[in-house]
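# Summary of structural features
Each chain is listed here by its residues.
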Amino acid sequence: MEEINIGEFFSFVKKHLIFFVSMILMILVICILYFIVIKKPIYSSDVSLTLTGVNDSQGRVTTNDITLNTKMLPTYQEVITSRKVLDQVINNLKLNKTVSELVGHIKIQANTDSMVLNITVTDENRVIAKDIANEVASIFGEEIKIYGITSVTILDKAIVNDTPININYTKSILISLLAGIFISLVCLFIVFYLDTTVKGMEQVNTKLGLVVLGGVPLHTENTKGVRKGLKRK
């Protein structure tokens, strides 16, 4: 395999610097247009609830309540994603979605050592994501009472989140820039590696193994003037 001279390669890159920079800018612009025009941003909004089976005047929470909350998580998930709950959400908000589509946009989480339940909703529309999360929490609070949960309190209502969860513009631009540099270097390396022409006398000995006895210097200065002078005489 032919050895690659790193110094010669970087000299080759420097010689084709315009191509190198143009390729980077082109890839950067294409990636930015993809993230801005083609890729649709997804927004999330979450609401926090507390659930307890205690029904006394002081509203005390016992260890049994926390244990029950952990064990009831699968039940909470079934209730929240049930047709009975989501049909009401779709009708109340007049959503153009089916129950199966809406289920894919809802995520439920519960801490094992607390009574807090988090419901997160994602959607392409940031306002709709907020409305769905609040509506799901409200309807869930009524439907879950049949399981002995006597108190459901909304700690934090869902709010509009202006930052998409699937796009990080700073990170995307950095990755696009690195990709542009890498692709440009690969293209130039392929051209450099496949180029078998001899660029100078030193390459005659290194690549061909021949001894250079002499060379003809390139001299073009005042060539036209000399030729005109000869013709006039």
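Here is what the cut-offs are and how they apply
Numbering of residues begins from 1 in every chain and follows the order in which that chain's sequence is written. Where local features are concerned, this predicted model is filtered to residues with pLDDT of at least 70; where side-chain atom pairs are given and counted, the filter is 80 or more; whole-chain, interface and lining totals use all residues. Water and hydrogen atoms were dropped before computing side-chain values, which therefore reflect all heavy atoms in the structure. The term nonpolar core refers to a set of buried residues drawn from Ala, Val, Leu, Ile, Met, Phe, Trp, Tyr and Cys, joined through side-chain atoms within 4.5 Å. Three labels apply to residues, based on accessible area from a 1.4 Å probe with only protein chains included: buried if under 20% of the type maximum, exposed if over 50%, partly exposed otherwise in between. Put simply, DSSP marks the helices as runs of H or I at least four residues long and the strands as runs of E at least two long, and each gets a number from the N terminus on. A contact between two residues is defined here by any heavy atoms of the two lying within 4.5 Å. Any Lys or Arg side-chain nitrogen found within 4 Å of a carboxyl oxygen on Asp or Glu counts as a salt bridge. Paired strands, as defined in this entry, are two strands with at least two bridges between them according to DSSP. Axis angles are defined between N-to-C directions and span 0 to 180 degrees, where every axis is a line fitted to C-alpha atoms and, for a helix, only to the segment in contact. By convention, the crossing between two helices is left-handed when the near helix turns anticlockwise from the far helix through less than a right angle, and right-handed when the turn is clockwise. Throughout this entry, Asp, Glu, Lys and Arg are counted as charged residues, while Ala, Val, Leu, Ile, Met, Phe, Trp, Tyr, Cys and Pro are counted as nonpolar. The remaining residues, Gly among them, count as polar.

## Side note on the nonpolar core
Counting residues in hydrophobic clusters, the biggest one holds 26 residues, and the most contacted among them are I106 and F140. Looking at this core, the elements that each hand over two or more residues are β1 (43–52), α4 (73–80), α5 (83–93), α6 (99–103), β2 (106–110), β3 (116–123) and α7 (126–143). Top element by residues in this core is α7. It accounts for six residues. In this structure, F140 is in contact with L49, L51, Y76, V79, I80 and L117, ignoring residues within four places of it in sequence. Grouped together as the second largest cluster of nonpolar side chains are seven residues, F9, V13, I24 and F192 included.

## Regarding the pattern of salt bridges
It is possible for side chains of opposite charge to pair when their charged atoms get near one another. Scanning the entire structure with this criterion turns up four salt bridges. A salt bridge links E143 to K84, with the shortest nitrogen-to-oxygen separation between them at 3.1 Å. Taken as a pair, E143 in helix α7 and K84 in helix α5 lie far apart in primary sequence, 59 residues in all. Under the relative-accessibility criterion, E143 is labelled buried at 15%. Residue D131 pairs with K130 through a salt bridge whose shortest N-O separation is 3.0 Å.

## Describing the pairing of β3
The buried fraction of β3 amounts to six of the eight residues, a majority that puts the element mostly inside the structure. As paired elements, β2 and β3 share five bridges and run antiparallel to each other. Paired with A110 across the bridge in β3 is L117.

## Structural notes on the packing of helix α2 (residues 17–38) against helix α8 (residues 169–194)
Contact geometry for α2 and α8: axes closest at 8 Å, N-to-C directions at 145°. When the axes of α2 and α8 are compared, the crossing they make is right-handed. Residue classes in the contact of α2 with α8 are distributed as 18 nonpolar, four polar and no charged.

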